Amino acid sequence: MSKKTSVYWALALTVLMLASVVAGCGGDKKPAPAAATDIKIGANWELTGGQATFGQSSVNGAKLALKEVNAAGGVIGKKITLVVADNKSEPSESTNAITKLITQDKVVAVLGAVTSSNTLAASPVAHANKIPFVSNTATNPKVTVEDGKVKPFAFRACFIDPFQGTVMANFASKSMKVKTAAIYVDQSSDYAKGLAQFFEEGFVKAGGKVVSKEAYLQKDKDFKSTLTKIKAANPETIFVPGYYEEVGLIVKQARELGYNGPMIGGDGWDSPKLVEIAGKDALKNTFFSNHYAADDKDPAVVKFVADYKKEYNQTPDALAALAFDATMMIVDAIKRANSAEPQKIRDALEQTKGLKVVSGVITLDANHNPVKSAVVIEVKDGQLVFKEKVNP
Ligand code: PHE
């Protein structure tokens with residue numbers, strides 16, 4: 001052998017050895033047959049921590065959707081399995097959860113997260129790995145568009161906060177006919193900060209005046225000194241963009257201080273825990289915007305509520321409904337792509353049109369956002385009661 005040829009052979013051998021290392025030296029291991037035929041979808045949701053009811057409802061909604069899809073034979077001849085990861089209601093844990101789903105579990109698409117901050121924290125991992133994700137409920141505009149650029153692998157099943165903020169601003173000024181408002185915002189949430197801004201813009205535009213602006217942080221427990229300050233500014237209503245854990249305490253403590261005016265908020269109020277924390281008397285005269293109302297007479301809602309109650313023995317909240325819908329968006333994309341390759345799912349997701357789901361009909365705009373109506377909910381005797389529907 002010439003020196004040149006032996007170098008060539010040594011090199012070829014090294015390449016071969018390396019290739020077998022990369023392949024996991026698994027030449028003799030047979031792949032598990034179930035895993036090879038199933039399509040795996042990941043779920044990055046808030047199962048524990050301060051937003052735990054959000055994630056728990058979402059898992060229920062997604063599982064119900066997949067039960068129906070799989071019972072009908074699955075999609076492109078395959079069954080879908082859901083791999084669930086808990087992001088513990090923390091952005092850093094959300095980054096970990098999606099990393100595990102993509103690199104370890106090898107999912108082809110991801111559902112979640114619920115909140116905007118947790119979804120924003122997961123997004124770079126999805127993009128680095130080119131895996132599409134669909135958040136059921138993250139409403140901050142930045143989830144799909146940042147610096148004027150659409151994020152190619154980011155999608156959602158819900159409306160966005162400029163719309164939601166306007167809905168509540170108009171509800172305050174037109175339906176409640178109030179002229180002054182205070183804003184008490186969860187400063188640790190991208191969602192709440194955005195919603196506060198959009199509400200203020202809408203309220204001022206409608207002729208209202210914001211007489212007090214205060215902030216709190218997640219996990220705070222005592223809101224009384226700030227609420228005393230807010231009460232002193234004499235607002236006709238208090239807008240509280242935040243999540244149920246803190247909102248429940250804020251409403252309770254505001255009433256204890258003798259503030260009896262209407263208190264209003266956004267979708268983050270939607271939890272069975274809200275009534276548990278605040279108590280139904282304190283929640284008298286409170287209203288919030290949401291994606292869906294369980295007492296809506298729409299046939300799709302009626303069927304979903306009945307199926308969900310049969311499965312879980314409880315009334316589905318908006319998180320469950322939108323998780324059902326987000327799951328259907330992925331299933332629909334796989335069907336139209338006729339493939340479970342992440343890139344092809346992404347391309348098909350972008351073309352989502354006229355998809356009939358529980359919360360309405362989903363057609364994605366150029367920014368990967370559905371254009372959908374919102375509902376205003378009144379908390380009456382501890383029950384969430386449909387008040388009005390607002391179209392975009
Ligand atoms: N919209 C909230 C967010 O973006 C999440 C949420 C949606 C919470 C619906 C409850 C109900 O953070």
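Residues numbered from 1 in each chain as written. Predicted model: local features only at pLDDT ≥ 70, side-chain atom pairs only at ≥ 80, totals over all residues. Heavy atoms only, no water.

(A) Structural context of the sheet that holds strand S10 (residues 237-239). With respect to topology, 7 strands assemble into an open sheet ordered S9-S8-S10-S11-S12-S15-S16, the strand pairing being mixed. Where the open sheet ends on each side, the last strands, each with one partner, are strand S9 (209-216) and strand S16 (383-390). On average, each strand axis in the sheet is inclined to that of its neighbour by 25°, with strand direction left out of account. Judged from the 2 bridges that link them, S10 and strand S11 (residues 263-265) form a sheet pairing that is parallel. Bridge assignment links Ile-238 to a residue of S11, and that residue is Met-263. (Pairing = 2+ DSSP bridges. Helix = DSSP H or I, 4+ residues; strand = E, 2+ residues; numbered from the N terminus. Axes fitted to C-alpha atoms, helices over the stretch in contact; angles between N-to-C directions.)

(B) Broad picture of the domain arrangement of the chain. Partitioning the chain into domains gives domain 1 (39-159 + 298-373) and domain 2 (162-290). Between the C-alpha centres of domain 1 and domain 2 the distance comes to 28 Å. Each side of the interface is counted separately: domain 1 has 21 residues, and domain 2 has 21 residues. Counting each side, the surface lost to burial between domain 1 and domain 2 is near 1,500 Å², with a carbon and sulfur contribution of 54%. Of all residues in domain 1, Thr-53, Phe-54 and Phe-159 bury the most surface against domain 2, accounting for 30% of the area lost on that side. Put simply, domain 1 and domain 2 have 2 salt bridges between them. Here Lys-219 ties to Glu-90 by a salt bridge, and the two come within 3.1 Å at their closest N and O atoms. In this assembly, domain 1 and domain 2 are joined by 9 residue pairs in polar contact (both at pLDDT 80 or more). (Domains from an automatic or database assignment. Contact = heavy atoms within 4.5 Å. Buried area = accessible area lost by both parts, 1.4 Å probe. Salt bridge = Lys/Arg side-chain N within 4 Å of Asp/Glu carboxyl O. Polar contact = N/O pair within 3.5 Å; in protein donor to acceptor, adjacent residues only side chain to side chain.)

(C) Representation of the site of the ligand within the structure. In the vicinity of the ligand, 13 residues are found, and the nearest of them are Ser-116, Thr-137, Thr-139, Tyr-243 and Asp-267. A distance of 2.8 Å separates a nitrogen atom of the ligand from a polar atom in the side chain of Asp-267. In the complex, 100% of the free accessible area of the ligand, which totals 330 Å², lies under the protein chains. Judged by the proximity of its atoms to the pocket grid, the ligand belongs to the largest cavity. Looking at the shell around the ligand residue by residue, the class counts come to 6 nonpolar, 6 polar and 1 charged. When residues of the shell around the ligand are assigned to domains, at least three fall in each of domain 1 (39-159 + 298-373) and domain 2 (162-290). (Near = heavy atom within 4 Å. Areas by Shrake-Rupley, 256 points an atom, 1.4 Å probe, with all protein chains shown as cover. 1 Å grid on protein atoms, 1.4 Å probe; cavity = no way out; pocket = protein on both sides within 12 Å on 5 of 7 lines; lining within 4 Å. Sits in = over half its atoms within 2 Å of the grid points. Nonpolar A, V, L, I, M, F, W, Y, C, P; charged D, E, K, R; others polar.)

(D) Quick peek at the nonpolar core. Ranked by internal contacts, the top residues of the largest apolar core, which has 101 residues, are Met-168, Phe-199, Met-263 and Phe-304. A total of 13 residues in this core trace back to one element, the largest contributor, which is helix H12 (residues 318-337). For this core, the two domains that each supply at least three residues are domain 1 (39-159 + 298-373) and domain 2 (162-290). Apart from residues no more than four positions distant in its own chain, Met-263 is found in contact with Thr-237, Ile-238, Val-240, Ile-250, Val-251, Ala-254, Arg-255, Trp-269, Asn-285, Thr-286 and Phe-287. Counting 14 residues, the second largest nonpolar core, distinct from the first, contains Val-110, Ala-122, Val-125 and Ala-154. (Core = buried A, V, L, I, M, F, W, Y, C linked by side-chain atoms within 4.5 Å. Buried < 20%, exposed > 50% of the residue type's maximum accessible area, 1.4 Å probe, protein only.)

(E) Representation of helix H7 (residues 190-205). For H7, which comprises 16 residues, the first-to-last C-alpha distance of 23 Å matches the rise-based estimate of 22 Å (1.5 Å per residue) to within 8%. The inward-facing, buried residues of H7 abut helix H5 (116-129), helix H6 (161-175), strand S8 (180-186), S9, S10 and S11. Here H7 starts with a cap whose side-chain oxygen sits 3.2 Å from the backbone nitrogen of Tyr-191, and that cap is Ser-189. Positioned one or two residues after H7, Gly-207 has a phi angle of 100°, which is positive. (Expected span 1.5 Å × (residues − 1).)

(F) Examining empty space enclosed by the protein more closely. The final tally for this structure, using the stated rule, is 1 cavity of 30 Å³ or more. Along its surface, the largest cavity is lined by 16 residues, and Val-114, Thr-137, Asp-267, Gly-268 and Leu-319 are the ones closest to its centre. Its residues assigned to classes, the lining of the largest cavity comprises 7 nonpolar, 7 polar and 2 charged. Two domains each provide a minimum of three residues to the lining of the largest cavity, namely domain 1 (39-159 + 298-373) and domain 2 (162-290). (Points joined across faces, edges and corners; volume = space filled by probe spheres on them.)

(G) Spatial organisation of the pairing of S16. Where strand S15 (residues 374-380) meets S16, 7 bridges bridge the pair, whose relative direction is antiparallel. Paired with Lys-380 across the bridge in S16 is Gln-383. Two successive antiparallel strands, S15 and S16, enclose a turn made up of 2 residues, where Asp-381 displays a positive phi of approximately 55°.

(H) Geometry of the confidence of the model for the chain. Counting all residues, the mean pLDDT for the chain is 93, and 91% of those residues have values of 70 or more. Scored below 50 in pLDDT, residues 1-35 shows 3 contacts in the model against residues more than four places distant or in partner chains. (pLDDT = per-residue confidence, 0-100.)

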